[in-house]
Amino acid sequence: MEYHDKEYCLEVWGELACFTRPEFKVERVSYDVITPSAARAIFEAIFWKPAIRWEVTRIEVLAPIRTASIRRNEVGATASTRKRQIYIEDNRQQKSAIMLRDVRYRIYARQVFLPAGKRKTNDRPDSRDENPGKYNAMFERRARNGQCFNQPYLGTRECSASFRFVGDEEDKVLQPIPESRDLGIMLYDMDFTDPRNIKPMYYHPVMVDGTIEVPSPSSDKLMR
C-alpha cells in the first residue's frame, strides 16, 4: 500500500520561551527562534504513537523577536539511590537566563506513518494492517479540541505553550514578521538511529521574511 504523509499546522504562543544554546554550559541563553526539536515535541505532546513520526517542515515567526534577562533559583544537586533527599536551601543556586518573551509561531509538520517493519517498538499482531488515516483523524480531533497528553512547552517545562489548530488559509490571521535574519548554527534534533550512541544534529537556518524552511532528517544540509 502507498502511504501519503499529511502535513499539519499549529499556531503556538507563550509569555516566555527558552530554547537553550548548548554551547553555554552554566547560564541558559536561548536561540532567537524555536528549534525543530522543540517544535516536534509540541506535536508529540498532542498526539504520538509508535506507528508515526513527526517531521517539522516550516516555521513562521509571527511576533517580533524580543529577549528578557531573568534570574532564577535552581537546585545544584540531583537525587540518587544514595542521597534520596535534597535540602533545597543547602543546594540553591541563583543563575541568570536570557529568554524570549511574548513568542508566537506557526509550525508545519508532516505526520509520517511508519509501516510495521520500520517501528522501533514491538507491535501487536493485528497492527500490521493499520490505516494511517485513523492517525490523521485522531490528531485532528485532539488538536481542534485543545487536547494533549501532556502540557506543551517552549523549550523548558516552566515555559508552557498554548496552541490552536490551523485548518486552512482563513485560519491564518497573522502574517510572519517582515524580517530576514541569518540564525547561525542551531540544534536541529537528536539522532536516535543508534540508541547506544545518540548524537545531536545541527543545521544552518536562515529566516526570510519571518519564514524558516526546515530540512528533512535525511537532508545533506544537516551537520551530524
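This write-up is about the structure you can find in this document.

Thresholds, definitions, all that
- Residues numbered from 1 in each chain as written.
- Predicted model: local features only at pLDDT ≥ 70, side-chain atom pairs only at ≥ 80, totals over all residues.
- Heavy atoms only, no water.
- Helix = DSSP H or I, 4+ residues; strand = E, 2+ residues; numbered from the N terminus.
- Buried < 20%, exposed > 50% of the residue type's maximum accessible area, 1.4 Å probe, protein only.
- Contact = heavy atoms within 4.5 Å.
- Phe/Tyr/Trp six-rings, centres within 6.5 Å; stacked < 30°, edge-to-face > 60°.
- Polar contact = N/O pair within 3.5 Å; in protein donor to acceptor, adjacent residues only side chain to side chain.
- Patch = residues over 30% accessible without salt bridge, like charges linked within 9 Å, V, L, I, M, F, W, Y side chains within 5 Å.
- Areas by Shrake-Rupley, 256 points an atom, 1.4 Å probe, with all protein chains shown as cover.
- Salt bridge = Lys/Arg side-chain N within 4 Å of Asp/Glu carboxyl O.
- Disulfide = S-S within 2.5 Å.
- Core = buried A, V, L, I, M, F, W, Y, C linked by side-chain atoms within 4.5 Å.

## With respect to the side chain of R40
The residue R40 is located in helix α1 (residues 36–46) in this model. For R40, a relative accessible area of 19% corresponds to the buried category. Look past the residues within four positions of R40 in its chain and what remains in contact with it is W54, V56 and D189.

## With respect to the packing of aromatic side chains
Two measures describe an aromatic ring pair: the distance that separates the ring centres and the angle between the ring planes. Throughout the structure, instances matching the rule amount to eleven aromatic pairs. Ring plane angle 50° and centroid distance 6.2 Å describe the contact between Y8 and F165, whose orientation is recorded as tilted. Here F165 lies in strand β8 (residues 162–165) and Y8 lies in strand β1 (residues 6–17), a separation of 157 residues in the sequence. Look at F165 and you get buried, because its relative accessible area is 11%.

## Looking at the environment of Q111
Looking at the element boundaries, Q111 is found in strand β5 (residues 92–113). Once you skip the residues sitting within four places of it in the chain, Q111 turns out to touch D5, K6, Y8, F47, I52, R53, W54, P132, Y135, N136 and F139. Polar contacts involving the side chain of Q111 include one to the main-chain carbonyl oxygen of Y135, which spans 3.5 Å. Of note is the side chain of Q111, whose polar atom sits 3.4 Å from the backbone nitrogen of N136.

## Here's the deal with unusual backbone geometry
Phi is positive for D102, close to 55°, though the residue is something other than glycine. Tracing the backbone through its elements, the reader meets D102 in strand β5. Among the residues examined, D102 registers a relative accessible area of 40% and is labelled partly exposed. Although it is not a glycine, D209 sits at a positive phi angle of roughly 50°. With respect to the helices, strands and loops of the structure, D209 is situated in the loop between β12 (206–207) and β13 (211–213).

## Let's talk about a nonpolar patch on the surface
On the surface, M190, F192 and I198 cluster together into a nonpolar patch covering about 240 Å² of accessible area. Tracing the sequence through the fold places M190 in strand β10 (residues 186–191).

## Details of the state of the cysteines
This structure, assessed with the given rule, holds zero disulfides. Free of any disulfide, C159 has its nearest cysteine sulfur in C18, 6.4 Å distant. Judged by its relative accessible area of 3%, C159 falls in the buried class.

## Some details on α1
Most of α1 is tucked away, with nine of its eleven residues classed as buried. For α1, every residue scored as buried is listed here: P36, S37, A38, A39, R40, I42, F43, A45 and I46.

## Looking at the nonpolar core
For soluble globular proteins, the rule of thumb is that nonpolar side chains tend to be buried together. Ranked by internal contacts, the top residues of the largest apolar core, which has 49 residues, are L10, F19, I34, Y105, I107 and F139. Secondary structure elements with two or more residues in this core: β1, α1, β3 (52–61), β5, α3 (132–144), β8, β10 and β11 (199–203). Top contributing element to this core by residue count: β5, with eight residues. Those residues in contact with I34 that sit more than four places away from it in its chain are F19, A39, I42, I59, Y105, I107 and M186.

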